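If you want the building blocks of each chain, they are given just below.
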Amino acid sequence: MKFNHLGTSGLEVSEVCLGTMTWGIQNTQRDADEQIGYALDKGVNFIDTAEMYPIPPNVDTYGDTERIIGNWLSRNQQKRSDIVLMTKIAGAGLKYIRNGGPITAEAIANALTYSLERLQTDYIDVYQLHWPNRVTPHFGKHWPDGADPTKTDREKSVDGMRDILLGIKRAIEEGKIRHWGLSDDTPWGIHTFLTLCKEMNVPPPVSIQNEFSLVHAKDWPYLIEMCELENIAYLPWSPLATGILSGKYLEGARPQGSRWTLIQRNGLFRDKAPAHHATIKYMEIARHLGITPSQLALAWCKQVPGVTSTIIGATTSSQLAENIEAFDITLSDETLSQIHNVLREFPLGF
């Protein structure tokens, strides 16, 4: 397993990050225990979760993924220092989480209290803002008819970010978190937080995790360039585009127990023809190499310049093994050229 620097944190993290959002709906405590054990045996030291997990989010299972991880930690306390644990505070929109309110200093204090309790730990290595308070071009809003920056109140947004940093600074000083990071943000968001951190003497964000895959490469090159040059770790989530790139959803298929059989908070906005057409071509490349389509997509993601660690998830042990094995694969220049020809044909699959 290869390890990389996590931004300015001083932490070394595996190039595989174990995602956990299925734990509590699609996966049980026993499944999670098995996945954690397997990942650690393979050298993974990086785990990502969130207070709103599992996905799809709902009031009945809110916080259960953190509880599952906490149950494991309570039985494996000697391994806590070996793990870099990330979680996230939910943003506005979910009424059963702080009445659907935005991220504020007060919300951070409240959310941290309960996350630490559920996780059964005294500290969180990286505490992330799950999504910005303003509307951003993520979750299907990256087209010109999606997010409208002219409707963003800049002054209100910046004031809100200052308040957030007060909460982050307090949490660091209290020892509840060691570092902090962003999620589902933009170059403007990164730039503004970096500026405010200098102004307010707050440590800068060490990482950002955004959706990134062979059918959703919109962060390349501009946001990733900013991360690389500002020493902010870039962490792709959904590198298989919620399973599209495995090929399991072709021709309208919905395998039993798969994510697309569940009600989606944002709908199936990724279910678009270009994504499926691209997947067919990637599957052919993978077939010639003798690897699975998922492994092709993950191996490619690993080799994108500027990627620090890729967040992977699985609902079965065999899927997890397949995905982790992908990081032992190095794609040749010839294969990368074939992949990039498809990527140029379908730069945004959805």
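Before reading on, note that the structure itself is shown above.
Attention here is on the structure that accompanies the text. It should be emphasised that the depicted structure is a prediction, and the values quoted were computed from it without experimental measurement. (Residues numbered from 1 in each chain as written. Predicted model: local features only at pLDDT ≥ 70, side-chain atom pairs only at ≥ 80, totals over all residues. Heavy atoms only, no water.)

1. A short note on the environment of D153
In this structure, D153 sits in the loop between β6 (124-129) and α4 (154-173). What makes D153 partly exposed here is its relative accessible area of 45%. Considering only alpha carbons, one finds D153 and R134, 19 residues apart in sequence, at a separation of 8.5 Å. Engagement of the side chain of D153 in a polar contact is seen with the backbone nitrogen of K156, the distance being 3.0 Å. (Helix = DSSP H or I, 4+ residues; strand = E, 2+ residues; numbered from the N terminus. Buried < 20%, exposed > 50% of the residue type's maximum accessible area, 1.4 Å probe, protein only. Polar contact = N/O pair within 3.5 Å; in protein donor to acceptor, adjacent residues only side chain to side chain.)

2. Here we look at the pairing of strand β8 (residues 207-211)
Successive residues of a regular strand alternate their side chains across the two faces of the sheet. For β8, the tally of buried residues reaches 5 of 5 residues, placing the bulk of the element in the interior. Burial along β8 is two-sided: S207, Q209 and E211 and I208 and N210, pointing in opposite directions, are all buried. Pairing of strand β7 (residues 177-183) with β8, which is carried by 3 bridges, proceeds in the parallel orientation. Pairing of S183 across the sheet is with Q209, part of β8. Between the parallel pair β7 and β8, the chain is carried across by helix α5 (residues 187-200), and the sense of this crossover is right-handed. (Pairing = 2+ DSSP bridges. Right-handed = clockwise from strand over helix to strand, strands pointing away.)

3. Remarks on the packing of aromatic side chains
A full pass over the atoms with the stated rule returns 7 aromatic pairs. Ring centres of Y62 and Y96 lie 5.9 Å apart, and the angle between their planes is 65 degrees; on these two criteria the pair is classed as edge-to-face. Here Y62, found in the loop between β4 (46-48) and α2 (64-75), pairs with Y96, found in the loop between β5 (84-89) and α3 (105-119); they are 34 residues apart in sequence, far enough to count as distant. Residue classification places Y62 among the buried residues on the basis of a relative accessible area of 18%. (Phe/Tyr/Trp six-rings, centres within 6.5 Å; stacked < 30°, edge-to-face > 60°.)

4. Description of the pattern of salt bridges
Within the structure shown, the criterion is met by 16 salt bridges. With a closest N to O distance of 3.4 Å, E174 and K176 form a salt bridge. Note on E174: relative accessible area 47%, which makes it partly exposed. Among the residues examined, K176 registers a relative accessible area of 26% and is labelled partly exposed. Connected via shared salt-bridge partners are E51, E66, R98 and R118. (Salt bridge = Lys/Arg side-chain N within 4 Å of Asp/Glu carboxyl O.)

5. Let's talk about the sheet that holds strand β3 (residues 16-19)
Across the sheet, which stays open at both edges, the 8 strands sit in the order β9-β8-β7-β6-β5-β4-β3-β10 with parallel pairing between neighbours. The sheet is open, and its two edges are formed by β9 (233-237) and β10 (310-312), each paired on a single side. Strand-to-strand, the axes of this sheet are offset by a mean angle of 30 degrees, without reference to chain direction. Of the strand pairs in this sheet, β3 and β10 are connected by 3 bridges, and their pairing is parallel. Within the sheet, the bridge partner assigned to L18 lies in β10 and is I312. Sitting on the sheet, α4 is in contact with β6 and β7, with an inclination near 150 degrees to β7. (Axes fitted to C-alpha atoms, helices over the stretch in contact; angles between N-to-C directions. Contact = heavy atoms within 4.5 Å.)

6. With respect to unusual backbone geometry
Between I55 and the following residue, P56, the backbone shows a cis peptide bond with an omega angle of 0 degrees. Mapped onto the fold, P56 is located in the loop between β4 and α2. Residue P221 is reached from W220 by a cis peptide bond, and omega for that bond is 0 degrees. Relative to the helices and strands, P221 resides in the loop between β8 and α6 (222-229). Although it is not a glycine, E251 sits at a positive phi angle of roughly 55 degrees. Along the chain, E251 turns up in the loop between β9 and α7 (273-289). For E251, a relative accessible area of 85% gives the class exposed.

7. Thoughts on empty space enclosed by the protein
Here the structure, examined in full by the defined rule, presents 1 cavity of 30 Å³ or more. Size it by volume and the largest cavity reaches roughly 40 Å³. What lines the largest cavity is T242, R259, W260, Q264, G267, L268, F269 and R270. Split into classes, the residues belonging to the lining of the largest cavity amount to 3 nonpolar, 3 polar and 2 charged. (1 Å grid on protein atoms, 1.4 Å probe; cavity = no way out; pocket = protein on both sides within 12 Å on 5 of 7 lines; lining within 4 Å. Points joined across faces, edges and corners; volume = space filled by probe spheres on them. Nonpolar A, V, L, I, M, F, W, Y, C, P; charged D, E, K, R; others polar.)

8. Regarding the nonpolar core
In a soluble, globular protein the nonpolar side chains are often hidden away together inside. Counting residues in hydrophobic clusters, the biggest one holds 87 residues, and the most contacted among them are Y127, L129, I168, W180, I190, Y282 and W300. Excluding residues within four positions of it along the chain, W300 makes contact with F212, S213, L214, L331, L336, I339, H340 and L343. Among the nonpolar cores identified, the runner-up in size contains 13 residues, and L11, F46, V84 and V206 belong to it. (Core = buried A, V, L, I, M, F, W, Y, C linked by side-chain atoms within 4.5 Å.)

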